[in-house]
Amino acid sequence: MPTQNTILDQTLLSRVHYELIRGLIRTGACPNNSELAEHLRLAPVEIEELLRHLSEIHGVVLHPHICEPWVVHPFSLTPTANWIQGQNVSWWAPCMWCALGVSTLVRDEVEVHTPIAGEAEPLTIRAIEGQPVGGDDLWVHFAIPPARAWQNVHQHCSMVLPFRSPEDIRQWCSRHRLPHGEAVPLRQVARLARRWYGAYADTNWQKWTVTEAQEIFREVGLTSQFWDLGEKNGRF
């Protein structure tokens, strides 16, 4: 049985994260705490401690009232406006960035179903291993700078939405009195998703440091002040 000194060991954190992601990829559902405890031969209290630590480094988002995963990026465990339909299994994602991340992780052809601007017009994007087929005229709006994303990650994700044009984004922001952030072409968001989430199903997964996250933004061409993460300590 692991001691208190080993309960937060990175190997265990990586293993718990791997089991969560693997379960989601295979079945569309997340293993519960009891299943994790049995599979990893840990006590339930140890699973909860590991989940809390994963939450502290933004590896999972827990429900506010119970120590169980709510979001395991790029997957949402409860319904959202982003439905990724696979060949045999399907999933929810918190946002467009995450939806393309799901496509990257499942390594298959999927259809992403989501409304334009979070409103009435339905949109279907076919993607193969995270690469959109078509969609060259689509844009994704990031309303809140990434440096502030974890102040309220649900709000941040809810406004990473697809649009037809940058002008549509400006009008939408004005109409709803919501912040105007940065418009990014869909294919560039796909590159970000593949680079960001490509290793999330690895057994030795580790959460990106702020410095690593900043470098990923730079690699995919997101270099404006909007993407500056500022403080370089901690995990993102």
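What counts, and at which threshold
Residues numbered from 1 in each chain as written. Predicted model: local features only at pLDDT ≥ 70, side-chain atom pairs only at ≥ 80, totals over all residues. Heavy atoms only, no water. Helix = DSSP H or I, 4+ residues; strand = E, 2+ residues; numbered from the N terminus. Expected span 1.5 Å × (residues − 1). Buried < 20%, exposed > 50% of the residue type's maximum accessible area, 1.4 Å probe, protein only. Contact = heavy atoms within 4.5 Å. Polar contact = N/O pair within 3.5 Å; in protein donor to acceptor, adjacent residues only side chain to side chain. Pairing = 2+ DSSP bridges. pLDDT = per-residue confidence, 0-100. Salt bridge = Lys/Arg side-chain N within 4 Å of Asp/Glu carboxyl O. Phe/Tyr/Trp six-rings, centres within 6.5 Å; stacked < 30°, edge-to-face > 60°. Arc of directions from axis to C-beta.

### Examining helix H1 (residues 10-27)
Every α-helix winds through 3.6 residues per turn, so residues three or four apart in the chain are directed the same way. Taking 1.5 Å per residue, 18 residues should reach 26 Å; H1 reaches 26 Å between its end C-alpha atoms and fits that length. Within H1 the residues assigned to the buried category are Leu12, Leu13, Ser14, Val16, His17, Tyr18, Glu19, Leu20, Ile21, Gly23 and Leu24. In this structure, the buried side of H1 is in contact with helix H2 (33-40), helix H3 (44-56), strand E2 (69-72), strand E3 (75-76), strand E5 (90-93) and helix H4 (96-106). Measuring from the backbone nitrogen of Thr11 back to the side-chain oxygen at the start of H1 gives 2.8 Å, which picks out Asp9 as the cap. Note on H1: the residue one or two positions beyond its end, Gly28, has a positive phi of about 85°.

### Brief notes about the pairing of strand E9 (residues 139-142)
Remember that side chains alternate between the two faces of the sheet whenever the strand is regular. Of the pairings in the sheet, the one linking E9 to strand E10 (residues 160-163) comprises 4 bridges and is antiparallel in character. Paired with His141 across the strands is Leu161, a residue of E10. Across 4 bridges, the pairing between E9 and strand E11 (residues 182-185) is antiparallel. Residue His141 lies in a different strand from E11, and its bridge partner there is Ala183.

### Regarding the confidence of the model for the protein
For the protein, per-residue confidence averages 94 on the pLDDT scale, and residues scoring 70 or more make up 97% of the total. The low-confidence segment residues 1-7 (pLDDT under 50) makes 10 contacts with residues lying over four places distant or belonging to another chain.

### What to know about the pattern of salt bridges
Note that side chains of opposite charge can pair when their charged atoms are close. For the structure shown, the criterion picks out 10 salt bridges. The partner of Arg15 in a salt bridge is Glu19, with the nearest N and O atoms 2.9 Å apart. Of the two residues, Arg15 and Glu19 both sit in helix H1, 4 residues apart, roughly one turn of that helix. Judged by relative accessible area, which is 6%, Glu19 ranks as buried. In this structure, Glu109 engages Arg126 in a salt bridge whose closest nitrogen and oxygen atoms are separated by 2.9 Å. Highlighted residues: Glu109 in strand E6 (residues 109-115) and Arg126 in strand E7 (residues 122-128), separated in sequence by 17 residues. Using a relative accessible area of 28% as the deciding quantity, one classes Glu109 as partly exposed.

### Examining unusual backbone geometry
Omega for the peptide link from His73 to Pro74 comes to 10°, which places this bond in the cis form. Residue placement: Pro74 occurs in the loop between E2 and E3. Look at Arg107: it is not a glycine, yet its phi comes out positive at around 55°. For Arg107, the position within the fold is in the loop between H4 and E6. Given the relative accessible area of 53%, Arg107 is considered exposed. The residue Ala117 is not glycine, and still its phi comes out positive at about 60°.

### Describing the packing of aromatic side chains
Scanning the entire structure with this criterion turns up 14 aromatic pairs. Summarising the aromatic geometry, the rings of Phe163 and Trp172 are spaced 5.3 Å apart at their centres and angled 75° between planes, so their arrangement reads as edge-to-face. By way of ring pairs, the aromatic residues Trp97, Phe142, Trp196, Tyr197, Tyr200, Trp205, Trp208, Phe217, Phe226, Trp227 and Phe236 are connected into one cluster.

### Describing the environment of Met96
As for its placement among the helices and strands, Met96 is situated in helix H4. Along the backbone, Met96 and Ala193 are 97 residues apart, and their C-alpha atoms lie at a distance of 9.2 Å. Leave out the neighbours within four places in its chain, and Met96 touches Asn82, Val112, Thr114, Ile125, Val140, Val160, Leu161, Pro162 and Leu186.

### Side note on helix H6 (residues 166-176)
Buried residues of H6: Ile169, Trp172 and Cys173, and no others. One side of H6 holds all its buried residues, which, seen down the axis, span an arc of 95°. Exposed residues on H6 whose side chains face more than 90 degrees from its buried face are Ser174 and Arg175. Buried residues belonging to H6 abut E9, E10 and E11. After H6 finishes, the residue Arg177 shows a positive phi value of roughly 55°.

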